Amino acid sequence: MKTFFTNLERRITQVNSMLCIGLDPHRSELEEFSADYAKDFCLRLISSTIEFAAAYKPNAAFFEALGADGFTALRDVIAAIPDEVPVLLDAKRGDIASTAAAYEYAAFKILEADGITLSPYLGRDSIDPFIADPEKGVFVLCKTSNPSSSDLQDLVVISSEQNK
């Protein structure tokens, strides 16, 4: 079966690289804060790195900040990545089941990403819609590198029975 992870392994072997290129069109890196400039920024990055890239990881937030045109630009950027190169949508989604199903549809059917990043905080039903298709890939956040991640991620949890 053709899956995100078998495609990723094949691509890693093909280019002899495990490099995943983040497509993060930060406002400060754009000549103009617009969907067209964000798209052009990413297309130039893809063109410059295609021979080394095992995968691409466009960050949805930078495109969503540009409104409807940004969503279209994100879709165009994903479509411009050659089919043999996996696309991991960096969206860190995590919501109740019905909302998760809508996010899944947008990521996999509308944007046509091959995989997605998810935040599991709301539980299994926030992940289930994304793992229904075994051909798609999912990366679930466990420990993040942002400075305040320890506020929640490093908390020691003691059950009421252990507390007695």
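Nothing here was measured: the structure is a model prediction, and the numbers come from that model. (Residues numbered from 1 in each chain as written. Predicted model: local features only at pLDDT ≥ 70, side-chain atom pairs only at ≥ 80, totals over all residues. Heavy atoms only, no water.)

Colleague: I keep staring at the pattern of salt bridges and nothing clicks. Help me out?
Modeller: When the charged atoms of two side chains with opposite charge come close together, those side chains can pair. A complete count under the given rule lists seven salt bridges for this structure. Ionic pairing is found between Lys-92 and Asp-90, a salt bridge with its closest N-O pair at 2.7 Å. The class for Lys-92 is partly exposed, based on a relative accessible area of 41%. Look at the salt bridges and you will find they share partners, linking Lys-57, Asp-90 and Lys-92 into a network. (Salt bridge = Lys/Arg side-chain N within 4 Å of Asp/Glu carboxyl O. Buried < 20%, exposed > 50% of the residue type's maximum accessible area, 1.4 Å probe, protein only.)

Colleague: Mind showing me how you'd approach the sheet that holds strand E4 (residues 115-118) here?
Modeller: The strands making up a sheet associate through backbone hydrogen bonding, with each pair oriented either parallel or antiparallel. Spatially, the three strands line up as an open sheet ordered E3-E4-E5, and their pairing is parallel. A strand with exactly one partner marks an edge of an open sheet, and here the two such strands are strand E3 (88-93) and strand E5 (137-140). In this sheet, neighbouring strand axes are inclined to one another by 20° on average, regardless of whether the strands run parallel or antiparallel. Here E4 runs beside E5; their pairing, made up of four bridges, is parallel. (Pairing = 2+ DSSP bridges. Helix = DSSP H or I, 4+ residues; strand = E, 2+ residues; numbered from the N terminus. Axes fitted to C-alpha atoms, helices over the stretch in contact; angles between N-to-C directions.)

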